[in-house]
Amino acid sequence: LDEMQIQPPTASIIARTATAQDDITGDGTTSNVLFTGELLRQSAIHLSEGLHPRVIVEGFELARDQCMKFVDEFKTTVDTKEIDTEMLMAVAKSSLRTKVHQKLADHLADIAVRCIKCIRKPDLPIDLHMVELMHMVHKSDMDTRYIDGLVLDHGARHPNMAKRSENCYIMILNVSLEYEKSEVNAGFFYSNAEEREQQIAAERKFTDDKVLKIIKFKEKICGDSGKGFILINQKGIDPLSLDLLQKAGIVGIRRAKRRNMERLSLACGGYAVNSVDDLEEKCLGFADLVYEHVLGEDKYTFVEGCKNAHSCTVLLNGPNDHTIRQIKDALRDGLRAVRNVIEDGAVIPGAGAFEVAAYNMLQEFKRTQKGRVKLGIDAFANALLVVPKTLAENAGLDVQQAIIALMEQSHSEGKPKVGLDLATGKCLMPADLGIWDNVRVKRQLLHLGSLVAMKLLLVDEVIRAGRKFNKAPADPNQPVM
């Protein structure tokens, strides 16, 4: 939506509202556009009969406030301490199946739930930046997979370093292991070749000493156990240092991205070291497997099998950039849908169940009100039905017949929370089939959709007032408009 060039001002505002909905909740963009448009369509019917926009807006405000309260009555609470994986899977599937085909949606739903369970920490907000989305343009979309570790988009810079290591210690370093120029302009003077060689040796010794400390630390930790030792440095490692590390059996990866340094420590354990003095074992992380994968001219380093990881990677595969972008957008929405369940501590039945129940509630609420404000409440209630109507239309069903069946069933004994079965056109119980929506998506939909419709209705009135009460023109010979 944010890339579409939309010319009509009204349509542009509605598109921006849908983008805001996506930024805040990660879902509900289509519902937002439909709901806002239907509110304006219902308003147009009453406006054509001479009803003032302000009266409609008052009705909308009353109806919106009632619906917001009704969300709390209608929702189903979830125990966030012992979260049910099946519930999270159901929410992720409900969100993702509207974006990609069913087989891929179910596959991505499983990945999204595993990611959230990995990065979640008790009593702390969930940071989705701890899920790295790495893409490789090859294979098919179903080869997208979850990795309990990290994928770095570069490999070791020495040709003889091990391409595959098992049971590895991971050392995360933030120390320059290359020859550095001085920060100030300085001159070194020598009188003969020997002095020059001594200066070069002293300069090189400064870097070599740091490398030798790392090698000595590796020998102390690994000994003769045969375990691997991987050095991942945020800064540079020069060719001479790489050669020393390779001879000592250390895999050196230089210039790792800064965003990956925090993820590495959360995934593998340990912490980033800023000095090679006084190194200790607890600064090291651990991984079951580290290997290099070459795709064309690109190299990728996979760090897998991290115990108690709080950061993970999703490797997105697809035959072209379009497919990968589609998967990436869908997965982001799936991750946010799962996170919303945990943060809201509740879910709401989908398949149009909430909209039908809210319509019935507003019809009862309308009877308690007096005056023309009833018309605004009625317009709001009818606008809510656009969601089940669109579901029926997209499924190729008879819209009127489907809505009437829903209404009859929802008024039956016990007022069940019924939704629309797209396969048969009959009613179903969304809760029994695991069709759930996010509570905050519904809240945001009711708030943003009604807000934009009300503002657009009142803008016209402001413009009319501006014309009506226009000041006299500067030229007295000109007629007043």
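Residues numbered from 1 in each chain as written. Predicted model: local features only at pLDDT ≥ 70, side-chain atom pairs only at ≥ 80, totals over all residues. Heavy atoms only, no water.

Asker: I'd like a description of the overall build of the protein chain, backed by residues and values.
Answerer: Looking only at helices and strands, the protein chain features 15 helices and 14 strands. The C-alpha radius of gyration of the protein chain comes to 31 Å, more than 25% above the 23 Å expected for a compact globule of 481 residues. For the protein chain, the spread of C-alpha atoms along the three principal axes comes to 100 × 70 × 40 Å. Within the span of the protein chain, comprising 481 residues, buried residues form 48% of the whole. The long-range fraction of contacts in the protein chain, counting pairs at least 24 apart against all pairs at least 6 apart in sequence, stands at 76%. If you sum the accessible surface of the protein chain, you get close to 25400 Å²; carbon and sulfur atoms cover 50% of it. Looking at charge distribution, the protein chain has the averaged site of its 63 positive side-chain charges lying 3 Å from that of its 67 negative ones. (Helix = DSSP H or I, 4+ residues; strand = E, 2+ residues; numbered from the N terminus. Rg over C-alpha atoms; globule rule 2.2 N^0.38 Å. Buried < 20%, exposed > 50% of the residue type's maximum accessible area, 1.4 Å probe, protein only. Contact = heavy atoms within 4.5 Å. Areas by Shrake-Rupley, 256 points an atom, 1.4 Å probe, with all protein chains shown as cover. Lys, Arg positive; Asp, Glu negative; His and termini not counted. Charge placed at Lys NZ, Arg CZ, Asp CG, Glu CD.)

Asker: Mind laying out the pattern of salt bridges, listing which residues take part and the relevant values?
Answerer: Counted by the stated rule, this structure contains 15 salt bridges. Of the charged contacts in the structure, one is a salt bridge between Asp106 and Arg97, with a shortest N-O distance of 3.0 Å. The partly exposed category is assigned to Arg97, whose relative accessible area is 39%. Among the ionic pairs, Asp333 bridges to Arg336, the shortest N-O distance being 3.2 Å. Placement of both Asp333 and Arg336 in helix α9 (residues 321–344) is noted, with a separation of three residues, approximately one turn of the helix. For the residue pair Asp333 and Arg336, the accessibility class agrees, reading buried in each case. Here the salt bridges do not stand alone but share partners, grouping Asp72, Lys75 and Arg443 into one network. (Salt bridge = Lys/Arg side-chain N within 4 Å of Asp/Glu carboxyl O.)

Asker: So what's going on with the nonpolar core? Which residues, and what values?
Answerer: Grouped together as the largest cluster of nonpolar side chains are 83 residues, with contacts concentrated most on Ile170 and Ile214. Counting residues per element, this core draws most heavily on helix α5 (residues 102–119), which supplies 11 residues. Counting 45 residues, the second-largest nonpolar core is a separate cluster that includes Cys67, Ala353, Leu446 and Leu457. (Core = buried A, V, L, I, M, F, W, Y, C linked by side-chain atoms within 4.5 Å.)

Asker: Describe the pairing of strand β7 (residues 250–253), listing the residues and the values that go with them.
Answerer: Where burial is concerned, the two faces of β7 agree: the one with Ile250 and Gly252 and the one with Val251 and Ile253 are both buried. Bridge analysis of strand β6 (residues 228–233) against β7 gives four bridges, and the strand direction is parallel. When the bridges of β7 are listed, Phe229 appears paired with Ile250. Traced from β6 through helix α7 (residues 239–247) to β7, the parallel crossover comes out right-handed. (Pairing = 2+ DSSP bridges. Right-handed = clockwise from strand over helix to strand, strands pointing away.)

Asker: Report on helix α1 (residues 9–25), specifying residues and quantitative values.
Answerer: Residues spaced three or four apart along an α-helix face the same direction, because each turn holds 3.6 residues. In a regular helix each residue adds 1.5 Å, so 17 residues correspond to 24 Å; α1 covers 24 Å between its end C-alpha atoms and thus fits that length. Here α1 has its buried residues at Ser12, Ile14, Ala15, Thr17, Ala18, Thr19, Gln21 and Thr25. (Expected span 1.5 Å × (residues − 1).)

Asker: So what's going on with the pairing of strand β8 (residues 285–295)? Which residues, and what values?
Answerer: Each regular strand carries side chains that alternate between the two faces of the sheet. Summarising the sheet, strand β5 (residues 164–173) and β8 pair through six bridges and their orientation is antiparallel. Looking across to β8, one finds that Ser165 is bridged to Val290. Across seven bridges, the pairing between β8 and strand β9 (residues 298–304) is antiparallel. Each bridged residue has a counterpart across the sheet, and for Leu295 the counterpart in β9 is Asp298. Between β8 and β9, which pair antiparallel and follow one another directly, the connecting turn spans two residues, one of which, Gly296, has a positive phi of 65°.

Asker: An account of the packing of aromatic side chains is requested, with residue identities and associated values reported.
Answerer: Tallied over the full model, the rule gives eight aromatic pairs. Relative to Phe380, the ring of Phe35 lies with its centre 5.4 Å away and its plane at 85°, an arrangement referred to as edge-to-face. Taken as a pair, Phe35 in helix α2 (residues 29–48) and Phe380 in helix α11 (residues 373–384) lie far apart in primary sequence, 345 residues in all. Just as Phe35 is buried, Phe380 falls in that class too. Between the aromatic rings of Phe217 and Phe229, the centroid separation amounts to 6.4 Å while the plane-to-plane angle is 85°, which identifies the pairing as edge-to-face. Pair noted here: Phe217 is in helix α6 (residues 193–222) and Phe229 is in strand β6, with a separation of 12 residues, a long-range link. (Phe/Tyr/Trp six-rings, centres within 6.5 Å; stacked < 30°, edge-to-face > 60°.)

Asker: Lay out unusual backbone geometry with the relevant residues and their values.
Answerer: Within the chain, Lys139 stands out as a residue other than glycine whose phi angle is a positive 60°. Here Lys139 shows up in the loop between β2 (131–136) and β3 (145–147). Classification of Lys139 by relative accessible area gives exposed; the value is 55%. Phi is positive for Asn167, which is not a glycine, with a value near 50°. Its place among the elements puts Asn167 in strand β5. Classification of Asn167 by relative accessible area gives partly exposed; the value is 38%.

Asker: Break down the sheet that holds β3 for me, with residues and values.
Answerer: Taken in spatial order, the three strands line up as β2-β10-β3 in an open sheet, and their pairing is mixed. Strands at the two margins of the open sheet, each flanked by one partner only, are β2 and β3. Each neighbouring strand pair of the sheet contributes to a mean axis angle of 25°, computed without reference to strand direction. Of the pairings in the sheet, the one linking β2 to strand β10 (residues 312–317) comprises six bridges and is parallel in character. Across the sheet, the residue bridging to Met136 is Asn317, located in β10. (Axes fitted to C-alpha atoms, helices over the stretch in contact; angles between N-to-C directions.)

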